[in-house]
Amino acid sequence: MSGLHALLVMRPVVAGRLSLVLLLAAMLVACSRAPESERKGGAPPPVPVVVATAVQKPVPVQLRAIGNVQPSNAVTVRSRVGGILAKIHFKEGEDVREGQLLFTLERGPLEADLRQAEANLARDLAQYQNAQKDAERYAQLARQGFVAQQEYDRLKTAADALAATVRASRAAVENARIQLGYATIRAPMVGRTGALQVHEGDVIKASDTALVVINQLRPIDVAFALPERELPEVRRYQTAGSLEVSAVIPPGGPPLAQGRLTFIDNRVDPTTGTIQLKATFANDDSRLWPGQFVNVVLTLTTEPAAVVVPTPAVQTGQEGRYVFVVKPDQTVESRPVTVAREVGEETVIAQGVGAGETVVTDGQLRLFPGARVEPKTQAAEAPAPAPSKTP
C-alpha cells in the first residue's frame, strides 16, 4: 500500500513537469519563426510602394455630359397634291442637293384641270367683252336720251360682274398651273435621304403621306444637358469668346469632332434641374450621325499652372481626402489635400501637395504616418519580359 500511495502522489508532479516542458518547446519554436529583424531588435522592413511625382502643367477646365446627335435641319417631304406616284428619281440613303428632282406624280388629271380652267377663262373673257361693248353702246344712247338710264346701269353692272368673273377665272388658271407644278417634287434643302415611305404606284394623299425624311448632316448639332449650377460659369466664359466642344464615342477615346457651343436654352428644366445646350460641328467627314450618343466635353478655359497627381494617389478617410507623401528619408506622411477636379486619370490638387513632391499611387493599405517605404515607379513595377528560349 505504501508503494501504491507513493506512485499516486508522484503522478501530478510528473504531469506538471511535462506541461512545462511542452510550453518551453512551443516558445522556442515561435522564437525561431520570428523575423530576423525582430529577433535582433531592429526596425521592420520597408514597405514596397509605387510612386509618382506631382507635376505642374496647363490643365483645361472642362465640363462633361452625354449628348445626342441631331441634324441641324430635318424635313419630312410630303406632296401638296393628291395622285398616283409615277416615278422615284433617287435611291434611299443618298445625298441630295437643293432643288434636285425626287418624285413625280401622274400629271394627266392635273393637266386636265388646267385645260378646263383655261377654257372657263376663255368663256368668261368672251362674255365680259360682249357685255362691255353693250354697256358702251348704251352709254352713248343714254346720253342722247334714246334709252332709259336704268337700262344702261343694268348693262354696266352686268359688265362689271363679268369682269370679276374673268379675274376669278384667271386665278383658277394660275392655281391649276401651280397644282400641276406640285406634281414634280424637289428637295427643299441639301441633305441625306432616309428610308422611302412610299413606292411607285402608291396613291398619295395631299399633305398627309410622308414620302421621305431628309436630314442635314453638314453642319450637325449635338444636344446635351448640364446641371443648372454650371450655367453661371458657362455664360461667364462664353462672353469672353466662343467655347470649344469635343464629341467622343463612349466609353472614351480620341475626339470624333471639334465644334463650338452655339445655343443655350432660355429656361432651366424645373423637373431635372438641368439646362439644354447645343454645339454645332462642321462634320465634313460625316463621322457624327443623327441619333448617335456621344460623350461631350465642353472646355471653358485652361488653367496654366495646375498641380496634378495620378488619381489613385488620392485616398478618402474619415477626415476627408489625403495622400501619402514620400519624404527625403524614405518615410511617408499622410497629408490632407483639397481636390479641385478630376481630368481623366489625373486629379488637380488645389491645396496640400506641391509640384515635384513624390506621392504614393499603390500600396497605401500597408502604410501609416512615419512608415519606411521602398519606392518604385510605375514602369519599374511592370515585370520584365521573359527571355526568349532557343528551341
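In this text, all values refer to a predicted model and were calculated from it rather than measured experimentally.

What counts and how
- Counting starts from 1 at the beginning of each chain's written sequence and moves along it residue by residue.
- Totals for whole chains, interfaces and linings use every residue, but because this is a predicted model, local features are given only for residues with pLDDT of at least 70 and side-chain atom pairs only at 80 or more, for both listing and counting.
- Hydrogens are left out, water is left out, and the side-chain values use all remaining heavy atoms of the structure.
- Each salt bridge in this description consists of a side-chain nitrogen of Lys or Arg and a carboxyl oxygen of Asp or Glu lying within 4 Å of one another.
- Under the scheme used here, helices are H or I runs from DSSP no shorter than 4 residues and strands are E runs no shorter than 2 residues, and both carry numbers assigned from the N terminus.
- Categorising residues by exposure relies on relative accessible area from a 1.4 Å probe, with only protein chains included: less than 20% of the type maximum marks a residue as buried, more than 50% marks it as exposed, and the intermediate range marks it as partly exposed.
- Each axis is a line fitted through C-alpha atoms, taken for helices only over the stretch in contact, and angles between the N-to-C directions span 0 to 180 degrees.
- Angle categories are assigned with fixed cut-offs, so that under 35 degrees is roughly parallel, over 145 is roughly antiparallel, 65 to 115 is roughly perpendicular, and the rest are oblique.
- If you view the pair so one helix is near and one far, a crossing is left-handed when the near helix is turned anticlockwise from the far one by less than a right angle, and right-handed when it is turned clockwise.
- Think of it as three bins: nonpolar holds Ala, Val, Leu, Ile, Met, Phe, Trp, Tyr, Cys and Pro, charged holds Asp, Glu, Lys and Arg, and polar takes everything else, Gly as well.

### Considerations on the pattern of salt bridges
Evaluated as defined, the whole model comprises 14 salt bridges. A salt bridge links Lys 57 to Glu 346, with the nearest nitrogen and oxygen atoms 3.0 Å apart. Of this pair, Lys 57 sits in strand S2 (residues 55-78) while Glu 346 sits in strand S18 (residues 346-351), and the two are 289 residues apart along the sequence. Residue class for Lys 57 comes out partly exposed when judged on its relative accessible area of 29%. Residue class for Glu 346 comes out partly exposed when judged on its relative accessible area of 29%. For Glu 118, the salt bridge identified is with Arg 177, shortest N-O distance 3.4 Å. Of this pair, Glu 118 sits in helix H3 (residues 108-144) while Arg 177 sits in helix H4 (residues 149-181), and the two are 59 residues apart along the sequence. Overall, Glu 118 belongs to the partly exposed group, its relative accessible area being 33%. Arg 177 gets classed as partly exposed once you look at its relative accessible area, which sits at 41%.

### As for the packing of H3 against H4
When two helices pack together, their arrangement is given by the angle between the helix axes and by the axis-to-axis distance. Where H3 contacts H4, the axes come no closer than 7 Å and their chain directions differ by 160 degrees. Between H3 and H4, the interaxial angle falls into the category roughly antiparallel. The two elements H3 and H4 cross, and the hand of that crossing is left-handed. For the contact of H3 with H4, the residue count by class is 21 nonpolar, seven polar and nine charged.

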